[in-house]
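Coordinate inspection notes
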Amino acid sequence: MTPDGAAMTRIAQHRVLAAGDSFAACSRQVRRFFDLTSLVVYDCLEIRQDRSLAGDDPGFVGALAAAVAENRKIVAALVVDLEKTGIRTIAQLSSLQQGYPSKVLHILTHFLDGFVGIDSYFYNLIDDSHWLPEATSAAIGKDPGKYRLIQLDGYSATPDQAALLHKQR
């Protein structure tokens with residue numbers, strides 16, 4: 001159920017790094033991003049102010065590091081799944097089976113190229129990335145109040161059709 005009582009299932013949870021003068025400004029950026037992307041579509045997107053953090057909040061640095069680490073764990077799991085198909089070298093990719101094996105590679109590639117997906121836990125809206133570049137980390141250190149780590153939950157009325165590989169959190 002969504003906060004408004006609609007019968008939906010949470011199918012994804014994201015933490016999005018944004019920069020702006022306020023929670024409201026950062027939230028508008030996040031909502032606009034998800035409204036405009038065709039890669040991830042939810043029936044309902046709930047921005048969780050109660051679970052979001054400003055850059056000058058005591059838990060911000062730890063939460064940001066944990067969010068990036070979660071993406072690293074997802075990438076590592078995708079690599080393990082890809083290796084289970086027998087792929088060990090780049091040259092072997094040309095023989096990768098279509099279906100689940102190619103979907104694993106597809107999702108892994110999205111993590112590496114910066115395209116947000118249902119499996120993305122952390123997304124850096126500032127750099128269009130799943131990671132935190134040193135320059136952005138340094139900028140946060142200089143002016144932490146300008147940054148927000150926004151948590152959002154994505155809901156679907158038809159969760160069984162949401163994604164082939166997604167594991168509910």
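Here is what the cut-offs are and how they apply
Residues numbered from 1 in each chain as written. Predicted model: local features only at pLDDT ≥ 70, side-chain atom pairs only at ≥ 80, totals over all residues. Heavy atoms only, no water. Helix = DSSP H or I, 4+ residues; strand = E, 2+ residues; numbered from the N terminus. Buried < 20%, exposed > 50% of the residue type's maximum accessible area, 1.4 Å probe, protein only. Contact = heavy atoms within 4.5 Å. Areas by Shrake-Rupley, 256 points an atom, 1.4 Å probe, with all protein chains shown as cover. Pairing = 2+ DSSP bridges. Axes fitted to C-alpha atoms, helices over the stretch in contact; angles between N-to-C directions. pLDDT = per-residue confidence, 0-100. Phe/Tyr/Trp six-rings, centres within 6.5 Å; stacked < 30°, edge-to-face > 60°. Lys NZ or Arg CZ within 6 Å of the ring centre and 35° of its normal.

Brief notes about the overall build of the chain
A count of helices and strands for the chain gives 4 helices and 4 strands. Reading the chain from its N terminus to its C terminus gives the helix and strand order β-α-β-α-α-β-α-β. Residue burial in the chain is summarised as follows: out of 169 residues, 46% are buried. Considering only contacts within the chain whose residues lie at least 6 apart along the sequence, 75% involve residues at least 24 apart. Per element, the accessible surface of the chain, about 9,200 Å² overall, is 54% carbon and sulfur.

Some remarks on the sheet that holds strand E3 (residues 122–124)
One open sheet accounts for 4 strands, arranged E2-E4-E1-E3; its pairing is mixed. Where the open sheet ends on each side, the last strands, each with one partner, are strand E2 (44–54) and E3. Neighbour to neighbour, the strand axes of the sheet diverge by 25 degrees on average, direction disregarded. The sheet contact formed by strand E1 (residues 9–19) and strand E4 (residues 147–156) spans 10 bridges and is antiparallel. Note that in E4 the partner of Ala 12 across the bridge is Gly 154.

Quick look at the confidence of the model for the chain
Residue-level pLDDT values for the chain average 91, and 90% of them are 70 or greater. Taken as a whole, residues 162–169 scores under 50 in pLDDT and shows 23 contacts with residues more than four places along the chain or in a different chain.

Description of the packing of aromatic side chains
How two aromatic rings sit relative to each other is given by the distance of their centres and the angle of their planes. One pass over the full model with this rule turns up 3 aromatic pairs. Ring geometry for Phe 33 versus Phe 34: centroids 5.3 Å apart, planes at 90 degrees, classification edge-to-face. Residue classification places Phe 34 among the buried residues on the basis of a relative accessible area of 6%. Taking the centre distance of 6.4 Å and the plane angle of 40 degrees together, the rings of Phe 34 and Tyr 42 count as tilted. Ring pairs connect the aromatic residues Phe 33, Phe 34, Tyr 42 and Tyr 123, which therefore count as one cluster. Over the ring of Trp 131 we find Arg 72; its NZ or CZ atom is 3.8 Å from the centre of that ring.

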